[in-house]
Amino acid sequence: MKGLAKGLAYTIRNMSKENVSYSYPDEPMPMPDRFRGIQKFYPEKCIVCNQCVNICPTDCIQLTGKKHPDPNRKGKIIETYDINFEICILCDLCTEVCPTEAIVMTNNFELADYSRDEHFKDLRWLDENDTHIREEN
Amino acid sequence: MEWVSGLLASEPSSSNFFTYIFISLPLLSVVLGFVTYAILAERKVLGYIQLRYGPNRTGGKFGLLQTVADVLKLLIKEDTRPKQADRPLFWLAPIIAFVPSFMVLSAIPFTESVVFANFGVGLLYFIAVSGLTTIGILTAGWASNNKYALMGGMRSAAQMISYEIPLLMSLVGVVLFSGSMNLIEIVEQQQYVPYILVQPIGFIIFVIAATAELNRIPFDLPEAESELIAGYHVEYSGFRFAFFMLAEYVYLFAMSALITVLFLGGWQPIPGLGFIPDFVWFAIKFSIVVYMFMWIRATWPRLRADQLMEFGWKILLPAAMANIFLSAIVKELFF
Amino acid sequence: MTEEQDHQSNQNQEKDTVDPKAKDNIEEAKEQPADNPLNEESPEKITTPSDQQSSTKKERSTDTKSEPSPTEQSQTEKSKSDKPKSEHTKRPRKKHTKKDQPPEKKEPSPNQPILDHYVKIINKNLSKDAIDDAFVNRSSKELPTIVATPKYYFSIAKLLRDHEELQFHFLSDIHGIDYESHMEIYAYLYSMSRNQSVALKVKLDRENPAISSLAPLWKGASWPENEAYDLLGISFENHPDLKRILLGEDWEGYPLRKDYEPYDVEV
Amino acid sequence: MIRTEEMLLNVGPQHPSTHGVFRLVVKVDGEIIKEATPVIGYLHRGTEKLAEDLQYTQIIPYTDRMDYLSAMTNNYVICHAVETLMDLEVPERAEYLRIIAMELGRIASHLVWYGTYLMDIGTTSPFLYAFREREMIINLLNELCGARLTFNYMRIGGVKWDAPEGWIDKVREFIPYMREQLDGYHEFVTGNEIFLNRVKGVGQYTQEEAIQYSLSGANLRCTGIAYDLRKAEPYSIYHRFEFDIPVGETGDAWARYQCRMAEMAESLKILEQAVEQFPEDGKIMGKVPRIIKPPKGEVYVRIESPRGEIGCYIASEGKKTPYRLKFRRPSFYNLQILPKLLEGENMANLIAILGGVDIVLGEVDG
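Keep in mind it's a predicted model, so treat the numbers as computed, not measured.

1. Some details on the environment of C:Leu171
Residues and elements named next belong to chain C.
1) Next: By secondary structure assignment, the location of Leu171 is in strand S3 (residues 170-179).
2) Next: Judged by relative accessible area, which is 0%, Leu171 ranks as buried.
3) Next: With ten residues separating them in the primary sequence, Leu171 and Arg161 have C-alpha atoms 9.1 Å apart.

See below:
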């Protein structure tokens, strides 16, 4: 009986405590800087080295490059860059290997959509995704 | 309430029929209102104890319309029935469970004047009719043709048999002291001393047995969502499910009211505070009892079926018997 | 060059050398306890009767005494590594290894004498050709590894569990590997009373991989063996309930085999 | 004489108390279980097969998804295996970060167990209280590595991130708070007579049986065997910390409960010492070749996860990808004893026993 009474005392004490719920959809949920949300891509920084494609464990990144329009400059520039978000596991490895930090993580995590097709993010979408960009990389 | 008695004595006619309906509507709406807000209150109390808000979306900050929305949703939901179910029984079960829960309400005196049927044996009537619900639950468990439901139904029947007896026996003390089974008379006897002080053992036994009758934690074995998923009503959806839900909470209402009447002195005020109207007193005491049920639900785990039986037969029943003896001796010596 | 490679290159030599030595081994086994490095840890552990009850009690008492602190451990390791030098000549295999790759391994593993001791016990109790191969896996925390011949696999496992100087009561892991030339079973045994581990391996024919089950010895081996059956197609004899545990009975093929072709209707 | 009939009952795959997609076919006579057959594999993702085509660094995110309640230990076990195989040295600061992360993860994992176990037993409040504390741990780990569940924090030879500014202090503050809450849990639940009745003597087994069935973790320690790999084979820098191995005596669900509750307290002890000893500065990555190619050979390492002994076997052919990777998943081994424990038990005990074994289905199915 003592244990039962103790339990009752414990719960009634907690009733007056302030609750710990997040009011998530009403108030945005602050995420720490390191949080891994959907990537932001800087096409101008990309040197088409393919390292992110190689390291991706789920093969969700596809890219193509083309020759630099300025014939005097060597190297390639990016033409298309797609991330298939249906299978991306946000493991952060692509940003880790990127030598120029052309791809970085953002804190944006609200990715629900009504269609799977919308989870196929192309270069433009990733370029425009420029809020809450992670500072530390 | 003279005219009600006159009405009862008069010859049946269509106008009488409508009069009946009209006078029972307020009660019905009070009960339904209670059920609506008891569900909400339970969720809120659980929420606050568990450091969260509880419903807070539908109907303003406090989620006042949450249950209304839930009921509306249940009403427009598809009524599903398992293919192998026993059709007539499946259809009948919610009604068997639900109707007695409303029938018992007629016997409860809320104040001295607000009482619908002043039975001589109101107490006996209440206990007898409330026992019928178990048949509904058992029927639901059987008719669903689901193994979990069947188990829930069986558990419910076993539980009812074990706990109905101590429930009744714990009341014998009250009857001994008041010398009546009329609920109004019992309340009037408690004008100075509520029976909780005279019959503390009886009170505890009654509350425990009542919790078991209500299928609430720690005795919610027929439902036991972590073992039997939802027990007897696992196959019910939509409005039929709402019936079970309704029955459950109407019983909570009725049982709390009965505890208030039998042990807490009903509408009797605390001496010196008689200026507060009697229905307020009733409401206050009643709310405390309801809160207690919710508080227990937030705290304790569930018993196991065999422990429940053991507890019922080996502890509760002897204790109830001892209580009768004790009451008889006390009554003989001091009153 | 890793241990395994040089080891395989030496296999033939080893077989040649082990056989004539076997006689000596048996004789030495009698005097072995005297210079057995294990004796340093507390002799009573070794002499514990192998019946389960007392041994588990022993485990409890020794374990609660708390493990040796790191300094103590390094000391015992040092002293262990002292020993093998005297035994060095008895192990021609090691010698050859050294000659083949002189810069690779400077000193023999500290666990080499322990392994030798195990090998002796097994040879003595079972048969000379019970062990196909035995080496210390240096890259896996100096783990003594015994490769059993399929015929003696079960009896070696039983001996490892029951022998009073071995007491490998705890089966940590058992799984199969498909090397394209053969299949292999890898079992990792641990002795709580002696705080020693051993790996028991056995090589199987790849075409028709079958081996006796360890489930009669350890009930805990039942599901992992089912898993090996499920994913690699190794069948276990005397297994109480051999079934495809993860993939379901209608699955075709054995996914962890190297030649498995995934078949997916939708792709 | 009443004729009774046995019936087959499918508990799961969708059942609130199986903690995932796990099916148990039980043959019941009334409420008494005659026979129970576990059916697993609903969550099998073929991690081991996938890993054969992945580089070692790429496997780490996959391990997060095995035992998703303590992903840190899974991260560690594969890193540790590769490091052992390659003979790599991990910098001290990284080791401390790993240990702090792992012990936080252990507490978080046990908190989930505590909450869900009591939910199984029938009370909902402890779940919410436990999740309040777990949320704090998750937030700490989120700050450290940027994810709440699938951390992907450790790398071969070190860790991905250094501790952010003030993080160690936050951990330091968390320790006394958690102690206080643990006392609260004990006050709330441990003495509760109904709870005691539900767990005492339920699902009991002996030391011999526990070893026979290869149980590990609290499931083994509840019988009184003080076997914890952090002590038996100290890996990482566990030898630097002083802590005890909590053991039970009776080998029933009650002993398992006590063990796990005590383990949380021990983890707090380790955390306290780790935070105190935490080096001022230092590298977080060791000298690791750019392309990780372990030498030819095989390795098996095992560490203590919250659920028991998690092992990792790698057979390497000297390539970038492992030839064969195998995880010894503690839940998979621990679950084997279930049919034996359930025989002759009450249906209500099924839940109490299954919950007490503490499985994570992602790990059972691999």
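2. Digging into the packing of aromatic side chains
1) Next: Under the defined criterion, the tally for this structure stands at 43 aromatic pairs over all chains.
2) Next: Ring centres of B:Phe282 and B:Phe286 lie 6.2 Å apart, and the angle between their planes is 15°; on these two criteria the pair is classed as stacked. Highlighted residues: B:Phe282 and B:Phe286, both in helix H12 (residues 278-299), separated by four residues, approximately one helical turn.
3) Next: You can call B:Phe286 buried: its relative accessible area is 9%.
4) Next: Put simply, the rings of D:Tyr76, D:Tyr96, D:Tyr235, D:Tyr238, D:Phe241, D:Phe243 and D:Phe278 touch in pairs and so form one group of aromatic residues.

3. Quick notes on the interface of chain C and chain D
1) Next: Contacts between the two partners involve 58 residues from chain C and, on the opposite side, 52 residues from chain D.
2) Next: Here chain C packs against chain D, burying approximately 4,800 Å² in sum over the two surfaces, 54% of which is carbon and sulfur.
3) Next: Taken together, the links from chain C to chain D amount to four salt bridges.
4) Next: D:Lys326 is paired through a salt bridge with C:Glu227; the nearest N and O atoms lie 3.0 Å apart.

4. Examining the nonpolar core
Buried together is how nonpolar side chains tend to be arranged in soluble globular proteins.
1) Next: Core analysis: the largest hydrophobic core is formed by 262 residues, its most contacted members being B:Phe206, B:Leu262, D:Ile100, D:Leu104, D:Tyr153, D:Trp167 and D:Tyr185.
2) Next: Apart from residues no more than four positions distant in its own chain, D:Leu104 is found in contact with D:Ile137, D:Leu140, D:Leu141, D:Trp167, D:Val171, D:Phe174 and D:Leu271.
3) Next: Core analysis: the next-biggest nonpolar cluster, separate from the first, contains 21 residues, A:Ile61, A:Cys88, A:Cys98 and A:Ala102 among them.

5. Overview of helix H2 (residues 14-49) of chain B
1) Next: The end-to-end C-alpha distance of H2(B), which contains 36 residues, comes to 51 Å, matching closely the 52 Å that a straight helix rising 1.5 Å per residue would cover.
2) Next: The first or second residue beyond H2(B) is B:Leu51, which carries a positive phi of 65°.

6. Structural notes on the confidence of the model for chain C
1) Next: In the predicted model, chain C carries a mean pLDDT of 68, and the fraction of residues at 70 or more is 59%.
2) Next: Overall, residues 1-103 of chain C carries pLDDT values under 50, and its contacts beyond four positions in sequence, including any with other chains, amount to 132 contacts.

Thresholds, definitions, all that
Residues numbered from 1 in each chain as written. Chains lettered and ligands numbered in written order. Predicted model: local features only at pLDDT ≥ 70, side-chain atom pairs only at ≥ 80, totals over all residues. Heavy atoms only, no water. Helix = DSSP H or I, 4+ residues; strand = E, 2+ residues; numbered from the N terminus. Buried < 20%, exposed > 50% of the residue type's maximum accessible area, 1.4 Å probe, protein only. Phe/Tyr/Trp six-rings, centres within 6.5 Å; stacked < 30°, edge-to-face > 60°. Contact = heavy atoms within 4.5 Å. Buried area = accessible area lost by both parts, 1.4 Å probe. Salt bridge = Lys/Arg side-chain N within 4 Å of Asp/Glu carboxyl O. Core = buried A, V, L, I, M, F, W, Y, C linked by side-chain atoms within 4.5 Å. Expected span 1.5 Å × (residues − 1). pLDDT = per-residue confidence, 0-100.

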